[in-house]
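Coordinate analysis (summary)
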Amino acid sequence: AGSNEMVEEFLRRGAEVNMASAATSETALLAAARQDEHGTCQLLLSRSALADYQHRDGSTALLISVQGQYLQTAQVLLTGQANPLLGLPNSRTSFIEACATGNEELVQLFIDVSTLLDHPHSIEQVSALMEVSFVGHLNIVNQLLGAGAAADATDQNSKTPLFYAS
């Protein structure tokens, strides 16, 4: 677990905020997100940590916080300009992952800070509503529809959210 005072001291003494471990390709921000250290994430972002640095597997601090369902850390990263459209090589973005968790508070964070409702989140042009309709989280489907997601959106194969739900 990190200590903000210790992190601040290293940065004051010239530590490179975006230095990645040669062994793991992980930065201090990724490590702090993995440990749900939202205060440390905020400190690192305030000292110019790259919010969208991608680990060699494609994960970002935001994606890590979403997968752990770390609400405060995800909020810090989203307000720190982390890009919710970055994701893993399989094209699942942080927003899609948030929807797939079924965690309404987490999804609301994304709705509040971005305009991603109908943005395609994969090579197949699948929207978050389509993905969640397939997964079967009715609460998240209702949340996205209530926020204005297009119920008649289509993917590259002209499939709608209704198709994914059936």
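Residues numbered from 1 in each chain as written. Predicted model: local features only at pLDDT ≥ 70, side-chain atom pairs only at ≥ 80, totals over all residues. Heavy atoms only, no water.

**Re helix α3 (residues 38–46)**
Heads up, the condition is: The rule is simple: take the accessible area with a 1.4 Å probe, protein chains only, and divide by the maximum for that residue type; under 20% is buried, over 50% is exposed, in between is partly exposed. Per the convention used, a helix needs a DSSP run of H or I reaching at least four residues, while a strand needs a run of E reaching at least two, with both numbered from the N terminus. Only heavy atoms enter the contact rule, under which two residues are in contact if any of them lie within 4.5 Å.
Turning to α3, its buried residues number three or more, namely T40, C41, L43, L44 and L45. Of the surrounding elements, those touching the buried residues of α3 are α1 (4–12), α2 (28–34) and α5 (71–79).

**Describing the packing of aromatic side chains**
Defined as follows: Any two of the Phe, Tyr and Trp rings considered here, Trp counted by its six-membered ring, make a pair once their centres fall within 6.5 Å; the pair's planes then place it as stacked at under 30 degrees, edge-to-face at over 60, or tilted in between.
Here the structure, examined in full by the defined rule, presents two aromatic pairs. Taken together, a centroid distance of 5.5 Å and an interplanar angle of 35° make the contact between F95 and F110 tilted. Highlighted residues: F95 in helix α6 (residues 94–101) and F110 in helix α7 (residues 104–113), separated in sequence by 15 residues. Of the two residues, F95 and F110, neither departs from the other in class, the shared state being buried. Judged by centre distance (5.8 Å) and plane angle (90°), the rings of F163 and Y164 are edge-to-face.

**Side note on the nonpolar core**
Cut-off, in case you're wondering: Here, nonpolar core means buried Ala, Val, Leu, Ile, Met, Phe, Trp, Tyr and Cys residues that are tied together by side-chain atoms lying within 4.5 Å of each other.
Core analysis: the largest hydrophobic core is formed by 38 residues, its most contacted members being L29, L44, L62, L77, C99, F110 and L144. If one sorts the elements of this core by residue count, α7 sits on top with five residues. Ignoring anything within four residues of it in the chain, the contact list for F110 reads L62, V66, L78, P84, S94, F95 and A98.

**A few points about the side chain of H55**
Selection rule: Definition of a polar contact: a pair of N or O atoms within 3.5 Å, with one able to donate and the other able to accept a hydrogen when the atoms are protein atoms, and with sequence-neighbouring residues admitted only if both atoms are side-chain atoms.
Inspection of the secondary structure assignment puts H55 in the loop between α3 and α4 (61–67). By relative accessible area, H55 is classed as buried at 13%. A polar contact of 3.4 Å, which involves the side chain of H55, links it to the side chain of S25. Not counting the four nearest positions on each side in its chain, H55 is found in contact with T24, S25, E26 and L30.

**With respect to the packing of helix α8 (residues 128–135) against helix α9 (residues 138–146)**
Two quantities define a packed helix pair, namely the angle between the axes and the distance from one axis to the other. The condition is simple: Think of each axis as a best-fit line through the C-alpha atoms, taken over the contacting stretch in the case of a helix, with angles from 0 to 180 degrees between the N-to-C directions. Between 65 and 115 degrees an angle is taken as roughly perpendicular, under 35 as roughly parallel, over 145 as roughly antiparallel, and anywhere else as oblique. Helix crossings get a hand from a simple test, with the near helix turned counterclockwise from the far one by less than a right angle marking a left-handed crossing and a clockwise turn marking a right-handed one. Residues are grouped as follows: Ala, Val, Leu, Ile, Met, Phe, Trp, Tyr, Cys and Pro are nonpolar; Asp, Glu, Lys and Arg are charged; every other residue, Gly included, is polar.
It is at 9 Å that the axes of α8 and α9 come closest, and there the two elements cross at 160°. Taken together, α8 and α9 sit at an angle that is classed as roughly antiparallel. As for the relative orientation of α8 and α9, their crossing is left-handed in sense. Across the interface between the two elements, A128, L129, V132 and S133 of α8 pack against I140, V141, L144 and L145 of α9. Class assignment of the residues belonging to the contact of α8 with α9 gives a composition of seven nonpolar, one polar and no charged.

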